[in-house]
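Letter by letter, the chains look like this.
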Amino acid sequence: MDSFMDKLAEKVSASDIIRANAQAEAAETERLRQEAEQFRTQLEQLKESEKEHRAIIEETRDSLNSRMDDNESKIHDVGVQVYRNVQAIVEKSREKSEEGFKELDNRLETLQYAVESKNKAVTPLVVITLLIALSDLVFNILRFLGVI
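Everything numeric in this text was worked out from a predicted model, so none of it was measured.

Caption draft 1: The arrangement of the overall build of the protein in detail. The number of helices and strands found in the protein is 2 helices and 0 strands. Across the 148 residues that make up the protein, the buried fraction comes to 0%. Total accessible area on the protein stands at roughly 13,900 Å², and carbon and sulfur atoms take up 61% of it.

The structure is reproduced here in structure tokens:
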């Protein structure tokens, strides 16, 4: 085994080892340089992509804000329309109620007038009936006592 190593050592000299080592280092350095350049390129692409995405996000934000403002305006308009419709319905209902109350008030006045006028006509009749009943009572008492 020693003879094999000796033969190998004769074939490979120290300068060959240093040269091979330098070549390997140069190849590794070139690979790392290429990899770093590739990372830089990817980083630049990511930065550009990030700028594009930020622009899209801002455009979307503006669009959404505009839509929200439009929706708020439409919601307000619908709310005002509903309020006015309800107000009109309440006003019509109030007017109908007032008309109904006026009609009931007129009927009540008519009924009160009729009752009062009938009571005035009945009063003399009641007085005459009471006088007749009183005279009949007096007549019956006198008869019972034997005066008549």
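Caption draft 2: Seen up close, the pattern of salt bridges. Evaluation of the coordinates by the stated rule reveals 9 salt bridges. When the shortest N-O distance is used, the salt bridge between Glu-50 and Arg-54 registers 2.2 Å. Taken as a pair, Glu-50 and Arg-54 lie in helix H2 (residues 14–145) at a separation of 4 residues, close to a single helical turn. In this structure Glu-50 comes out as partly exposed when scored by relative accessible area, which is 34%. A salt bridge links Arg-94 to Glu-91, with the nearest nitrogen and oxygen atoms 2.2 Å apart. On the criterion of helical spacing, the pair formed by Arg-94 and Glu-91 is a turn pair, its members being 3 residues apart in helix H2. Within this structure, Glu-28, Arg-31 and Glu-35 form a network of salt bridges that share partners.

Caption draft 3: Main features of a nonpolar patch on the surface. On the surface, Leu-134, Leu-137, Val-138, Phe-139, Ile-141, Phe-144, Leu-145, Val-147 and Ile-148 cluster together into a nonpolar patch covering about 940 Å² of accessible area. Mapped onto the fold, Leu-134 is located in helix H2. Exposure remark for Leu-134: the relative accessible area of 48% places this residue in the partly exposed category.

Rules and cut-offs
- Residues numbered from 1 in each chain as written.
- Predicted model: local features only at pLDDT ≥ 70, side-chain atom pairs only at ≥ 80, totals over all residues.
- Heavy atoms only, no water.
- Helix = DSSP H or I, 4+ residues; strand = E, 2+ residues; numbered from the N terminus.
- Buried < 20%, exposed > 50% of the residue type's maximum accessible area, 1.4 Å probe, protein only.
- Areas by Shrake-Rupley, 256 points an atom, 1.4 Å probe, with all protein chains shown as cover.
- Salt bridge = Lys/Arg side-chain N within 4 Å of Asp/Glu carboxyl O.
- Patch = residues over 30% accessible without salt bridge, like charges linked within 9 Å, V, L, I, M, F, W, Y side chains within 5 Å.

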